[in-house]
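Commentary on secondary and tertiary structure
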Amino acid sequence: MDPMSALDESLKKSVGGRTAKVLADHLDLHTVGDLLHHYPRRYAERGELTRLADLPLDEHVTVVAQVAKATKKTFNAGKGVRLEVVVTDGSGSLTLVFFGRGVFKPEQDLIPGRRGMFAGKVSVFNRTRQLAHPDYQLLDAEAGEDAVDAFANQLIPLYPACKQFASWQIAQSVEVVLDSLNAAGWAGVGEPLPAALREARSLAPLPEALEKVHRPRTKADVNDARSRLKWDEAFVLQVALARRRAAESALPAVPRVAAKDGLLTDFDARLPFTLTEGQRKVTAEIFDDLATDHPMHRLLQGEVGSGKTLVALRAMLAVVDAGGQAAMLAPTEVLAQQHHRSITEMMGDLAQGGMLGGAANGTKVTLLTGSMGTAGRRRALLDLVTGEAGIVVGTHALIEDKVQFHDLGLVVVDEQHRFGVEQRDALRAKSAQPPHLLVMTATPIPRTVAMTVFGDLETSVLDQLPAGRSPIATHVVPAKDKPHFLARTWERVREEVEGGHQAYVVCPRIGDEEADPKKKSEEDEAERRPPLAVLDIAEQLVKGPLAGLRVEVLHGRMHPDAKDDVMRRFTAGEVDVLVATTVIEVGVNVPNATVMVIMDADRFGVSQLHQLRGRVGRGTAPGLCLLVSEMAEASQARARLDAVAATLDGFELSRIDLEQRREGDVLGQAQSGTRSSLRMLTVIEDEDVIAEAREEATALVAADPELTGHPDLRSALESLLDADREEYLDKG
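Residues numbered from 1 in each chain as written. Predicted model: local features only at pLDDT ≥ 70, side-chain atom pairs only at ≥ 80, totals over all residues. Heavy atoms only, no water.

So, on to the overall build of the protein chain. Scanning the protein chain for helices and strands turns up 28 helices and 21 strands. Expressed as a percentage of the 732 residues in the protein chain, the buried residues total 52%. Accessible area for the protein chain stands at about 33,100 Å²; split by element, carbon and sulfur atoms hold 51% of it. (Helix = DSSP H or I, 4+ residues; strand = E, 2+ residues; numbered from the N terminus. Buried < 20%, exposed > 50% of the residue type's maximum accessible area, 1.4 Å probe, protein only. Areas by Shrake-Rupley, 256 points an atom, 1.4 Å probe, with all protein chains shown as cover.)

With that out of the way, let us pick up the confidence of the model for the protein chain. Looking at the protein chain, the pLDDT average stands at 82 and 84% of residues meet or exceed 70. Across residues 662-676 the pLDDT falls below 50, and counting only partners more than four positions away or on other chains, this stretch makes 35 contacts in the model. In the predicted structure, residues 723-732 sits below a pLDDT of 50 and forms 35 contacts with residues beyond four places in sequence or in another chain. (pLDDT = per-residue confidence, 0-100. Contact = heavy atoms within 4.5 Å.)

Phi at Asn126 takes a positive value of approximately 50°, unusual for a residue other than glycine. Relative to the assigned elements, Asn126 resides in the loop between strand 5 (115-125) and strand 6 (128-132). Exposure remark for Asn126: the relative accessible area of 64% places this residue in the exposed category. For Trp186, which is not glycine, the phi dihedral falls at a positive 55°.

Turning our eyes to something else, we now look at the sheet that holds strand 10 (residues 325-329). Here seven strands make up an open sheet; going across it, the order is 11-12-10-13-14-9-15 and the pairing parallel. The open sheet has two free edges, formed respectively by strand 11 (364-368) and strand 15 (458-462), since each of these has just one partner strand. Going from strand to strand, the sheet's axes swing by 20° on average, the running direction of each strand aside. Of the pairings in the sheet, the one linking strand 9 (residues 297-302) to strand 14 (residues 436-441) comprises five bridges and is parallel in character. When the sheet's bridge partners are listed, Arg298 is paired in strand 14 with Leu438. In the packing of helix 14 (residues 333-347) onto the sheet, the strands contacted are strand 10, strand 11, strand 12 (389-394) and strand 13 (408-414), and the crossing angle to strand 11 comes to about 170°. (Pairing = 2+ DSSP bridges. Axes fitted to C-alpha atoms, helices over the stretch in contact; angles between N-to-C directions.)

This part is about the sheet that holds strand 17 (residues 502-506). Read across the sheet, six strands follow the order 16-21-20-17-19-18 without closing on themselves; strand pairing throughout is parallel. Both edges of this open sheet fall to strand 16 (472-478) and strand 18 (551-554), since each of them pairs with a single strand only. When strand polarity is set aside, the average angle formed by the axes of neighbouring strands in this sheet is 20°. Pairing analysis gives five bridges linking strand 17 to strand 20 (residues 593-598), with the strands arranged parallel. Within strand 20, the residue paired with Ala503 across the bridge is Val595.

Most of helix 9 (residues 206-214) sits inside the fold, with seven of its nine residues counted as buried. Those residues of helix 9 lying buried are Leu206, Ala209, Leu210, Glu211, Lys212, Val213 and His214.

Where two aromatic rings form a pair, the distance of their centres and the angle of their planes describe that pair. Under the defined criterion, the tally for this structure stands at four aromatic pairs. Plain terms: the ring middles of Phe75 and Phe99 are 6.1 Å apart, the flat faces sit at 80° to each other, and that makes the pair edge-to-face. With a gap of 24 residues between them, Phe75 in strand 2 (residues 60-75) and Phe99 in strand 4 (residues 93-100) connect regions that are remote in the sequence. Take Phe99: its relative accessible area is 41%, and that puts it in the partly exposed class. Ring pairing ties together the aromatic residues Phe98, Phe118 and Tyr136, which thus form one cluster. (Phe/Tyr/Trp six-rings, centres within 6.5 Å; stacked < 30°, edge-to-face > 60°.)

Now for the pattern of salt bridges. All told, the structure shown has 37 salt bridges when counted by the stated rule. Between Asp407 and Arg256 there is a salt bridge, and its shortest N-O distance comes to 3.0 Å. On the criterion of sequence distance, the pair formed by Asp407 in the loop between strand 12 and strand 13 and Arg256 in the loop between helix 10 (219-250) and helix 11 (263-270) is long-range, its members being 151 residues apart. A relative accessible area of 25% places Asp407 in the partly exposed class. Close ionic contact of Arg568 with Asp565 constitutes a salt bridge, the shortest N to O distance being 3.0 Å. Here Arg568 pairs with Asp565, and both are found in helix 21 (residues 560-571), just three residues apart, close to one helical turn. The exposure class assigned to Arg568 is partly exposed, which follows from its relative accessible area of 47%. Here Asp565 falls in the partly exposed class, since its relative accessible area comes to 31%. (Salt bridge = Lys/Arg side-chain N within 4 Å of Asp/Glu carboxyl O.)

This part is about the environment of Gln108. For Gln108, the location among the structural elements is in helix 5 (residues 105-109). Gln108 sits in the exposed class, given a relative accessible area of 53%. Leave out the neighbours within four places in its chain, and Gln108 touches Val103 and Arg114.

Along the chain, Asp704 falls in the loop between helix 26 (687-703) and helix 27 (711-720). No salt bridge is formed by the buried Asp704; the nearest opposite charge belongs to Arg714, separated by 6.9 Å. In this structure the side chain of Asp704 is engaged in a polar contact, spanning 2.9 Å, whose partner is the backbone nitrogen of Thr708. Not counting residues within four places of it along the chain, the set of residues in contact with Asp704 comprises Gly709 and His710. (Lys, Arg positive; Asp, Glu negative; His and termini not counted. Polar contact = N/O pair within 3.5 Å; in protein donor to acceptor, adjacent residues only side chain to side chain.)

The interhelical angle for the contact between helix 10 and helix 26, taken along N-to-C directions, is 45°, at an axis separation of 8 Å. Comparing the axis directions of helix 10 and helix 26 gives the class oblique. Crossing handedness for the pair helix 10 and helix 26: right-handed. Where helix 10 approaches helix 26, its residues Lys230, Trp231, Ala234, Phe235, Gln238, Val239, Ala242, Arg243, Arg245 and Ala246 are matched on the opposing element by Val689, Ile690, Glu692, Ala693, Arg694, Glu696, Ala697, Thr698, Leu700 and Val701. Its residues placed into classes, the contact of helix 10 with helix 26 shows twelve nonpolar, two polar and six charged. (Parallel < 35°, antiparallel > 145°, perpendicular 65-115°, else oblique. Left-handed = near helix turned anticlockwise from the far one by under 90°. Nonpolar A, V, L, I, M, F, W, Y, C, P; charged D, E, K, R; others polar.)

This paragraph deals with helix 3 (residues 17-27). Of all the positions in helix 3, only Ala20, Leu23, Ala24 and Leu27 are classed as buried. For helix 3, the buried positions fall inside an angular range of 115° around the axis, keeping them on one side. Structural note: helix 3 exposes Arg18 and Lys21 on the side pointing more than 90 degrees away from its buried face. Those residues of helix 3 that are buried lie in contact with helix 2 (12-15) and helix 7 (167-183). Residue Asp28 follows helix 3 closely and has a positive phi angle near 60°. (Arc of directions from axis to C-beta.)

Sheet topology places strand 18 next to strand 19 (residues 577-580); four bridges connect them, and they run parallel. Within strand 19, the position partnered with Val551 by the bridge is Val577. Read from strand 18 through helix 21 to strand 19, the crossover connection turns out right-handed. (Right-handed = clockwise from strand over helix to strand, strands pointing away.)

With that settled, the discussion passes to the packing of helix 12 (residues 277-290) against helix 13 (residues 308-321). Packing of helix 12 against helix 13 leaves a shortest axis separation of 10 Å and a crossing angle of 35°. Crossing handedness for the pair helix 12 and helix 13: right-handed. The residues of helix 13 that touch helix 12, namely those facing Gln279, Val282, Thr283, Ile286, Phe287 and Leu290, are Leu310, Val311, Arg314, Ala315, Ala318 and Val319. Tallied by class, residues from the contact of helix 12 with helix 13 come to nine nonpolar, two polar and one charged.

In this section: the environment of Leu627. Structurally, Leu627 is set in strand 21 (residues 623-629). Once the C-alpha coordinates of Leu627 and Ile598 are considered, the two residues, 29 residues apart in sequence, prove to be 5.1 Å apart. Setting aside its immediate chain neighbours within four residues, Leu627 contacts Thr474, His475, Val476, Val477, Ile598, Ala601, Leu609, Leu641 and Val644.

Turning next to the environment of Thr88. Turning to its location among the elements, Thr88 is positioned in strand 3 (residues 80-88). Overall, the relative accessible area of 29% leaves Thr88 in the partly exposed class. Within the local environment of Thr88, its side chain forms a polar contact with the backbone oxygen of Gly92, the two atoms lying 3.3 Å apart.

Now the structure itself:
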């Protein structure tokens, strides 16, 4: 029998076809294992009353409460009956509303003094919060003394549920599954954690952990279960990543060691500044990797402006010195052109190898993008295949079949999350042996997230800003409460422009999209107005507070040539104010831009705001970032903005960002299209577990790469890494 087969069985068999279909369609739970790993969100205690005072509007909730009074009203000339039941918990009350005819079930069940669980969507009617037609289950109605006692010592699991299937219906399905596994003595349920690891950490066996998490008798049971199940998640994931690292490092690569007095030495001699301590340390790590006969797989993460490009360029020059070629891959044409421009500027005549006036030991730096003309493209392809170009910068056009390299030694990928595993592989295939790989990201990632999401890469961190970078002041502009603050915002933009500088204004959407046909009441509309749009704001600014300034728009629906033209003119100082979407978020470098105004800032994530802010203060003049929002001061969205305004430390902000997101979000449900595999683990709180699991996993894979001695672990790995999730891990 396959060791994990009991957990891989379809739910149809145990809970019946109809229930299985609802679980699959609405909660994405298909197998016994899926259901048992759908853990309770929290536990209600008998006697504990959920705080009704804190119920969120428009959300599906489950509350444990007591019936205070029930009132029956008739309507439609006595034919219809409306039952209003008020339930309370000491902190507040809630009205349950049922419609029916004559005497109906809720009227018989819900009599004062009875207690139950009630599930439904919270709405407001006549200024009173209510649940219309909630599902309910009475907790102790008509129970004998023994049953009440048994119930009194029990924790009630409350599950993440949906409209179609309430929490206690999930609990009933879990009961059925656990009973049948118990009856079979848990046969066919494997044990993914090695015995030695379990014993060393006093972790419960898997059947016991699953039993305790769903049917705890005490809080200690819950803690035991959670400790064990967190280890399962961390360990299985880290084994997957350790196996990938082992497979990568087993590949052969050409060691690339910089020549003594070559291109790199000449380049360093011309640098007008000395490298920061951080840049020196990270460079040493990269050069050590390049010198080995296995491909480097390194993630270089650093704050916006911490000098990642310089570090990457020195690595590329070292590879050119060693006789190889280096390719830098950027996510957009605008960025590719910008990297090409900044590299050629930094290198000066060293970038004109073989040309008149070029340095003796220089090389050629070639640009290759999809929109190049035929002649330029042909010339670039020739430079690559002959080896005349030591460095090539481009977009995904670099990985097309036609592109051939003479000897590709290093690939630098900018903003990794925009490139998938297919592109990585296609680039590797352009070299007789896999090239070394350096991935750069300007999104600061907490250590444990790097271990989880980029776990197949070694990590280097640049956390020092080079000397001479200007400070950026950040302020929240409460546009609704203090409209004069918004007026002052536009005055500040005008002042900066009059002082010879430029500004960005960022909006969440482009504009001219289809209007929403479901127009609500005016009050509702004001509460939920659509996000501000680039086209509308640009028009208002040109006609109003910024009249007379040169204002242009930039967004993703523009033709690539038009986008490039606007960016080129903005960079050249021919545009004063650029009103844009987040297309400017990554890598745009205009040192003369000093102001960043972000409209509806509460609609952006913390990391995104930090990225956008990093576009200003890149020159000698100080930067100013204004976060415009209509949110109330007490809201969570405002708290997020205040956090961004309070610190320039991207690593601190990424922690805040993660703590505010839902558990398990880190493997990026949104990006991967699959349910996150982290259900019990929280990457911030469980830092130690993740770090220890990584160590244990690395040691186990080194000793047994194929997991021959751990068949249960191998099966757990297969069920964790279904095709989609495996691909997502690969994409990082």
